[in-house]
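Notes for the structure review
Here is how the chains run, residue by residue.
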Amino acid sequence: MAQRQNTLIPPARDSSGHNGQPAISSGINGDTPRALAAQSAAAGYGLYGDLAIYSGTAHPQLAQKVAAYLGVALGGVDVFRFPNSNTFVRLHESVRAKDVFLIQPTSPPTNENLMELLIFIDTLRRDSAGRITAVIPYYGYGRTDKKDQPRVPISARLVADLIATAGADRFLTVDLHAGQIQGFFSIPTDELPAKHLFYDYFSQQCCPEDTVVVSPDIGGVRRARDLAEILGQPLAIIEKRRSKDGDETAMYSVIGDVRGKNVIIFDDEIDTAGTLTDAARFLRQAGAQQLIAAATHAVLSGPAVERLSQSEISQIVVTDTAPISSAKRAGIGSRLQIISVAPLLGDVIRRIHVGRSVGELFNE
């Protein structure tokens, strides 16, 4: 029987010694709930109980980084896998009335991590957590977000319903495959853009005047355009078409000028790396010079590592929204650069906990 155990989390306290309980008056002076929330945030109080950070088994390294950034310890929990493959979760202490953030990306093995997420949320709900925020940096099934052919599911909507039904009160993620997935949720959602992390990296590492940001397909144009805009670089687009079974991809033309340019191929995720490596070959044939790949989610399924290691891509820049095994890192080598999203998640979790605007963090 496999088992994983985290350390125990102490009660979170602010610098004034308060224990994080909300200081909400009766409102007899005409204060609105919004004004009261602002007063609580200014005073350093949480809108719910003490802050608690928990991690599933999908990506404990990221959860540890987030907890360390916030200055708290991960909540203690045992996650069991029984011989019949059933998952069982047992908390080490009560989370009654606490403001709980559960970090669990639904990266491969997707079904196992998703089921653990749902059971974990149910465990927290049945222990009377004050609020449960599902922090899912990588949202599995996000690519099945519409009926693009007859007799197929919309799995992204189904997973959204499952998360809400399990008992989550909020949903926090990074760079959904399609922004409209937010509309599948019946609970408040926060989708965090990773473009600012890539801006910080590329503004220090590269991007002279002869650099172009490339979207590997029409669907990713807005994402690539946003990065190109903040970097102050032009945009190019590869026009491609995919076969109905999703396996074969044919690329037809590039919209924009890449000849003699360094290019940053920017996408939301690298799965099997077929689209990315095909795009790199196509751009090389079109006259591009240095080839750099950037993506928020490094899923790296199946032949991805082999394809990337054999490609002409000089740098592969990703974040740690999904775990990357040491074997995959070694297979790709020094070309792989990983940017951590832990500080970003930590800042947002703190803002949600005290009732401050998340949009302010991005000047929105």
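Note that residues are indexed from 1 along each chain, following the sequence as it is written. In keeping with the predicted nature of the model, local features appear solely for residues at pLDDT of at least 70, side-chain atom pairs appear and are counted solely at 80 or more, and the whole-chain, interface and lining totals rest on all residues. In computing side-chain values, all of the structure's heavy atoms are included and hydrogens and water are not.

Notes on the overall build of the chain
The secondary structure content of the chain amounts to ten helices and 15 strands. A 1.4 Å probe rolled over the protein chains alone gives each residue an accessible area, and that area as a share of the maximum for its type sets the label: buried under 20%, exposed over 50%, partly exposed in between. Buried residues in the chain amount to 51% of all 364 residues. Any two residues having at least one pair of non-hydrogen atoms within 4.5 Å are treated as being in contact. At a minimum sequence separation of 6, the contacts of the chain that also span at least 24 residues come to 67%. We get accessible surface area from the Shrake-Rupley algorithm with a probe of 1.4 Å; when it comes to residues, only the shown protein chains can shield them. Within the structure as shown, the chain displays about 16700 Å² of accessible surface, and the carbon and sulfur contribution to it stands at 48%. Numbered from the N terminus, helices here are DSSP runs of H or I no shorter than four residues, and strands are runs of E no shorter than two.

Side note on the pattern of salt bridges
Whenever Lys or Arg places a side-chain nitrogen within 4 Å of a carboxyl oxygen from Asp or Glu, that contact is recorded as a salt bridge. As enumerated under the stated definition, the model contains 22 salt bridges in all. With a shortest N-O distance of 3.0 Å, Arg-143 and Asp-271 are connected by a salt bridge. Note that Arg-143 is positioned in the loop between strand E6 (131-136) and helix H4 (155-166) and Asp-271 in the loop between strand E12 (262-270) and helix H7 (274-285), a separation of 128 residues in sequence. The structure contains a network of salt bridges with shared partners spanning Arg-81, Glu-112 and Glu-116.

Description of the side chain of Arg-223
Mapped onto the fold, Arg-223 is located in helix H6 (residues 221-231). Polar contact is defined as a pair of N or O atoms within 3.5 Å, subject to the rule that within protein one atom must be able to donate a hydrogen and the other to accept it, and that residues adjacent in sequence are counted only when both atoms are side-chain atoms. Within the structure, Arg-223 has its side chain in polar contact with the backbone oxygen of His-177 (distance 3.2 Å). Once you skip the residues sitting within four places of it in the chain, Arg-223 turns out to touch Leu-176, His-177, Phe-266, Asp-267 and Asp-268.

Quick word on the confidence of the model for the chain
When pLDDT is averaged across the chain, the result is 87; 84% of the residues are at 70 or more. pLDDT expresses how confident the predictor is about each individual residue, on a scale running from 0 to 100. For residues 1-37, every residue scores under 50 in pLDDT, and the model assigns this stretch 79 contacts once sequence neighbours within four places are set aside.

Focus: the packing of aromatic side chains
Any two rings among Phe, Tyr and Trp, with Trp reduced to its six-membered ring, count as a pair given centres within 6.5 Å; such a pair is stacked if its planes are under 30 degrees apart, edge-to-face if over 60, and tilted if neither. Scanning all chains against the criterion turns up ten aromatic pairs. When the ring of Tyr-139 is compared with that of Phe-185, the centres are 5.8 Å apart and the planes differ by 55 degrees; the resulting orientation is tilted. Here Tyr-139 is found in the loop between E6 and H4, whereas its partner Phe-185 is found in the loop between strand E7 (170-174) and strand E8 (189-192), with 46 residues between them in sequence. On the basis of an interplanar angle of 20 degrees and a centroid distance of 6.4 Å, the ring pair of Phe-198 and Phe-202 is categorised as stacked.

Quick notes on the packing of helix H5 (residues 195-205) against H6
Where H5 meets H6, the closest approach of the two axes is 10 Å, and the angle between their N-to-C directions is 45 degrees. Our classification of the angle between H5 and H6 gives oblique. The element H5 and its partner H6 pack so that their crossing is right-handed. Between H5 and H6, the contacting residues are Lys-195, Phe-198, Tyr-199, Phe-202 and Ser-203 on the first element and Asp-226, Leu-227, Ile-230 and Leu-231 on the second. Gly is placed with the polar residues, together with every amino acid not listed as nonpolar (Ala, Val, Leu, Ile, Met, Phe, Trp, Tyr, Cys and Pro) or charged (Asp, Glu, Lys and Arg). Taken together, the residues that form the contact of H5 with H6 break down as six nonpolar, one polar and two charged. Convention adopted: a line fitted to C-alpha atoms gives each axis, helices being fitted over their contacting stretch, and angles between N-to-C directions are expressed from 0 to 180 degrees. An angle below 35 degrees is treated as roughly parallel, one above 145 as roughly antiparallel, one from 65 to 115 as roughly perpendicular, and anything else as oblique. The handedness criterion is simple: a crossing whose near helix is rotated anticlockwise from the far helix by less than a right angle is left-handed, and one whose near helix is rotated clockwise is right-handed.

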